[in-house]
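# Structure assessment
Residue-level listing of the chains:
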Amino acid sequence: MKNFIILLLVALITFTIVLVIYRPDLLEDIWLWVVGLIGPIIGFTKAAIKSVSKFIKSLD
């Protein structure tokens, strides 16, 4: 599970860097939304990971 999360994070960072380098005009419209919503996104992600981990442990 941790490997998947790390892989997903690396993919998102790589995709963002590629967009910044090649198409910065696409990010101009959404960067403020991303900055404003980063807290709730992180909180939701932590809660989702916790509930999925509990579910996987309950299956064992």
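## Description of the overall build of the chain
Helices and strands together make up the secondary structure of the chain, namely three helices and zero strands. Beginning at the N terminus, the succession of helices and strands in the chain can be written as α-α-α. For the chain, the C-alpha radius of gyration of 15 Å lies well beyond 10 Å, the compact-globule estimate for 60 residues. For the chain, the spread of C-alpha atoms along the three principal axes comes to 50 × 20 × 10 Å. Per-residue burial for the chain yields a buried fraction of 3% across its 60 residues. When the accessible area of the chain is evaluated, it comes to approximately 5,700 Å², of which 76% is carbon and sulfur surface. Counting 6 positive and 4 negative side-chain charges, the chain places the centres of these two groups 20 Å from one another.

## Things to note about the environment of Lys 50
Take Lys 50: it is sitting in helix 3 (residues 31-59). Exposure remark for Lys 50: the relative accessible area of 57% places this residue in the exposed category. Sequence spacing of Lys 50 and Ile 38 is twelve residues, and the spatial spacing of their C-alpha atoms is 18 Å.

## Considering the pattern of salt bridges
Under the counting rule described, the total for this entry stands at one salt bridge. As a salt-bridge pair, Arg 23 and Asp 25 come within 3.3 Å of each other at their nearest N and O atoms. Under the relative-accessibility criterion, Arg 23 is labelled partly exposed at 42%. When its relative accessible area of 41% is taken as the criterion, Asp 25 is described as partly exposed.

## What about a nonpolar patch on the surface?
On the surface, Leu 9, Ile 13, Ile 17, Val 18, Val 20, Ile 21 and Tyr 22 cluster together to form a nonpolar patch covering roughly 710 Å² of accessible area. Structurally, Ile 21 can be placed in helix 1 (residues 2-22). Residue Ile 21 is classed as exposed on the basis of its relative accessible area of 56%.

Reading guide: rules and limits
Residues numbered from 1 in each chain as written. Predicted model: local features only at pLDDT ≥ 70, side-chain atom pairs only at ≥ 80, totals over all residues. Heavy atoms only, no water. Helix = DSSP H or I, 4+ residues; strand = E, 2+ residues; numbered from the N terminus. Rg over C-alpha atoms; globule rule 2.2 N^0.38 Å. Buried < 20%, exposed > 50% of the residue type's maximum accessible area, 1.4 Å probe, protein only. Areas by Shrake-Rupley, 256 points an atom, 1.4 Å probe, with all protein chains shown as cover. Lys, Arg positive; Asp, Glu negative; His and termini not counted. Charge placed at Lys NZ, Arg CZ, Asp CG, Glu CD. Salt bridge = Lys/Arg side-chain N within 4 Å of Asp/Glu carboxyl O. Patch = residues over 30% accessible without salt bridge, like charges linked within 9 Å, V, L, I, M, F, W, Y side chains within 5 Å.

That's the geometry; what it means functionally is another story.
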